[in-house]
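Descriptive analysis of the structure
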Amino acid sequence: MTHHRRFQPGRVLAWAVLLFFMLFSLLPIWIMFKTALTYPKDVFTSGTSLLPAGTTLLNFERVLGLLSAHENYILGGTEASINFALALRNTVIYTGLIVIFQTLFSAMAAYAIARLRFIGRNLLFYMFLSALMIPQIVLFIPNFILIRELGWLNTFAGLVAPSILFGPFSVFFLRQFFLQIPKELEESARIDGASFFTVFWRLILPISWPPLATLILLNSIQMWNDFFWPFLVGRNSHVQVLSVALQFFQTQTPEGIPDWTGLMAGAALASIPVFLLLLFLGRRVVQSIQFSGFK
Amino acid sequence: MPQAPIPTSAQISVQPRRRRLKSWLGQDFTPALTFVLPATIGFAVFYLYPAIRALLISFTDWNLLTPPQYVGASNYQTALSSSSFWHSMEVTALYVLYNIPIQTILALLLAVLVHRISRSVWIRALLLVPYLLSSVVAGLLWLWILNPELGFLNILIAHLGFGSQPFFGSTQQALPSVALTNIWQYLGFNAILFYAGLQSIPNEVYEAAAIDGAGEWTLFRRITLPLLRPVLVFVLVTSIIGSFQVFSTIVVTTQGGPADATRVIVWDIYQNAFQFLKMGYASALSILLFVVLLIFTILQMRFLRGGESDL
């Protein structure tokens, strides 16, 4: 480790620069929480103070729909009812359905492509891969039209349909892993008379737990924060996910005087699950993301 | 490989055709069909079919209310001769130029720093926080921080004597402000990807070079950068493709304004399709975007030799 010792004098500077970057990354998030905890009327005077003038959970109560519209209005919010509790539920449904089923169906396809012998296997794989190349917006226009033709606008069916059966990255990611599993493992099971389904369920899925967990984590983060597609087909408040609800809340606030404390409370609420994830699975999250770069 | 019981001679003579069919379809055709069926339906209905349909719609005039009218290539002609399309392309390109160099250089610097001074997973976890948030949250956050009257950063700038800045509200500063928002969100993420690349470079390479008396900058230029190239190309290609498609930040912060200063191509397509209901024209624009990205990706892979590693 000679080069480590050589550059010791630069370490102070290096730490200073790193701390600056940490501050750049985290200060905005601190301001989000600070604003969310500030009384609505104090927001005009709190300025650059790093602590809220008087801490309150009022804004969280407001955006969770625990106060009446009138109380809300008096406090400086809008009369429009905002219900992030419902949006929170919708986001859980949206994320959960897609992550569970896309992972399962993609794993099945990835296993067949990695292991089974059938005609058109490579063609199918390259077609699946090509899906990664197409910009979202190209597909969103005809997919929106299709969902509209099916009468699925503003339903969970319409929201999850395009992603629930197939995800190009999921198939690609799992295929890479399945290819590395020694063939002998499955072959001995096959000789014992196990079907491919038994092998897949009882052998392949259990030993693939680490990459499956990585994929589930990456997909969960992505779907939880997803905006564009839900913004197109899920505008009705019954199916609105958090990111869409936040954007709508923003457009509802009176022109010129946005309800900043309410908005920041909503933004904080939408972000809390991700912070919990980082708190409990921090190491796993970091490793998963580091791994995602090596496609 | 004993996959199936050995057939008797009687079975062979009775089922030659089926055997031939089976060897043509592949030994595991039947189970494979079941395994790939759900994903293949998903791919066919929501990727392949819409891709073809997007192309077909782009040759029509369609407002969703009356049946589509075939108009040939006129949507493409209109787009290529309209100033609004070229304006959007210019804004998008400018945005990529604001975004990518700063983001990539800072992320590289950050990755090298973290790699050199701390292996703590928590430092990396904290740097990842902005990436883990929704881009809607990120947009709202910077809209608030850069707010001309009440924003934290703006008050700070005013205290330093520069006067309050309009940021998202001015034609000059809006696009850089959108870039700032996205640099903030993706800096840590890109740094972590670079960090992972740095970890894969064996320490002995550095030690050997250090013994030869190579300085810090030489080490970085001669060793780190070339060995990091595959990761660098991956990050560059994906983040440029992502930047070309910036949308949610625009929805939250500027909606293409002020005075079309942030009218990026995807916002343009979105408005044409979902606000003006010009499905044909919007589809043509989206196909043009696809072509631009495709050419760009191929060129980048060529010039940067992304597939090869020097390691």
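What you see is a predicted model; the values in this text were computed from it and never measured.

Analysis parameters
Position labels on residues start from 1 in each chain and follow its written sequence. Chains carry letters and ligands carry numbers; both start at the beginning, A for chains and 1 for ligands, and go up in the order they are written. Residues qualify for local features only when their pLDDT is at least 70, as the model is predicted, and side-chain atom pairs are given and counted only at 80 or more; totals for whole chains, interfaces and linings, by contrast, use all residues. Helix numbers and strand numbers start at the N terminus; a helix is a DSSP run of H or I with at least 4 residues, a strand a run of E with at least 2. All radius of gyration figures rest on C-alpha atoms, and the globule criterion is 2.2 Å times the number of residues raised to 0.38. Labels follow a simple rule on C-beta atoms placed from the backbone: if 20 or more others lie within 10 Å of a residue's own, it is buried; if 12 or fewer, it is exposed; otherwise it is partly exposed. C-beta atoms are placed from the backbone for every residue, and two residues are taken to be in contact when these atoms lie within 7 Å. What fixes the domain bounds is an automatic or database domain assignment. Just so you know the grouping, Ala, Val, Leu, Ile, Met, Phe, Trp, Tyr, Cys and Pro go in nonpolar, Asp, Glu, Lys and Arg go in charged, and all remaining residues, Gly too, go in polar. Helix axes are fitted to C-alpha atoms over the stretch in contact, other axes to C-alpha atoms as well, and angles between N-to-C directions run from 0 to 180 degrees. Note: crossing handedness is left-handed where the near helix turns anticlockwise from the far helix by less than a right angle, and right-handed where it turns clockwise. As used here, a nonpolar core is made of buried Ala, Val, Leu, Ile, Met, Phe, Trp, Tyr and Cys residues. They are joined through C-beta atoms within 7 Å. Scored from 0 to 100, pLDDT records how confident the predictor is in each individual residue.

**Quick word on the overall build of chain B**
Helix and strand content of chain B: 15 helices and 2 strands. Taking 2.2 N^0.38 as the reference for a compact globule, 311 residues should give roughly 19 Å; the C-alpha atoms of chain B span a radius of gyration of 27 Å, well beyond that estimate. If you line up chain B on its principal axes, its C-alpha atoms span 95 × 70 × 35 Å. Counting across all 311 residues of chain B, residues that qualify as buried make up 39%. A sequence separation of at least 24 residues applies to 71% of the contacts in chain B between residues at least 6 apart.

**Looking at the overall build of chain A**
Secondary structure assignment for chain A yields 15 helices and 0 strands. Every one of the 295 residues in chain A was classed for burial, and the buried ones make up 40%. Sequence separation of 24 or more characterises 68% of the internal contacts of chain A that already satisfy a separation of 6 or more.

**Description of unusual backbone geometry**
All names here are of chain B. Following Gly257, the chain continues into Pro258 via a peptide bond in cis, with omega recorded as -15 degrees. Of note in the backbone geometry, Phe167 takes a positive phi value of approximately 45 degrees without being a glycine. Assignment of secondary structure puts Phe167 in the loop between helix H8 (152–159) and helix H9 (174–199). In this model, Gln255 sits at a positive phi of 50 degrees, which is unusual for a non-glycine residue. Examined against the element boundaries, Gln255 turns out to sit in the loop between helix H13 (248–253) and helix H14 (265–275). Look at Gln255 and you get partly exposed, because 13 C-beta atoms sit within 10 Å.

**Focus: the domain arrangement of chain B**
In terms of domain boundaries, chain B breaks down into domain 1 (9–57) and domain 2 (77–304). Between the C-alpha centres of domain 1 of chain B and domain 2 of chain B there is a distance of 42 Å.

**Some words on the interface of chain A and chain B**
Contact with chain A, which involves 78 residues of that partner, is made by 83 residues of chain B. In terms of residue class, the side of chain A that touches chain B is made up of 56 nonpolar, 17 polar and 5 charged.

**Quick notes on the domain arrangement of chain A**
All names here are of chain A. For chain A, the assigned domains are domain 1 (2–81 + 253–292) and domain 2 (86–233). The interface is formed by 7 residues belonging to domain 1 together with 5 residues belonging to domain 2. Considering only residue class, the side of domain 1 that touches domain 2 consists of 4 nonpolar, 2 polar and 1 charged.

**Re the environment of Leu225 of chain B**
Residue and element names in this part refer to chain B. Among the secondary structure elements, Leu225 is positioned in helix H11 (residues 216–227). The partly exposed category is assigned to Leu225, around which 13 C-beta atoms lie within 10 Å. Spatially, the C-alpha atom of Leu225 lies 9.5 Å from that of Leu108, the residues being 117 residues apart in sequence.

**Describing the packing of helix H3 (residues 29–57) of chain B against helix H15 (residues 279–304) of chain B**
All names here are of chain B. Taken N-terminus to C-terminus, the directions of H3 and H15 make an angle of 115 degrees; their axes are 8 Å apart at the nearest point. In the crossing of H3 with H15, the sense of the turn from one axis to the other is left-handed. Residues Ala54, Leu55 and Ile57 of H3 touch H15, and the partners they reach there are Met279, Gly280, Ser283, Ser286 and Ile287. Of the residues belonging to the contact of H3 with H15, the class tally is 5 nonpolar, 3 polar and no charged.

**What to know about the nonpolar core**
Counting 152 residues, the largest nonpolar core has Ala109 and Ala267 of chain A together with Leu140, Ala191, Ile192 and Phe194 of chain B as the members making the most contacts within it. Apart from the residues within four sequence positions on either side, Ala109 of chain A is in contact with Val171 of chain A together with Phe35, Val36 and Ala39 of chain B.

**Things to note about the environment of Pro130 of chain B**
All names here are of chain B. Relative to the helices and strands, Pro130 resides in helix H6 (residues 121–132). For Pro130, a count of 24 C-beta atoms within 10 Å translates into the label buried. The spacing of Pro130 and Val178 is 48 residues in sequence and 15 Å in space, taken between C-alpha atoms.

**Focus: the confidence of the model for chain B**
All names here are of chain B. Considering every residue of chain B, the mean pLDDT works out to 88; 93% of them sit at 70 or more. Of all helices and strands in chain B, the one with the weakest mean pLDDT is helix H1 (residues 9–14) (49), whereas H14 scores best (96). Complex prediction metrics read pTM 0.89 and ipTM 0.89.

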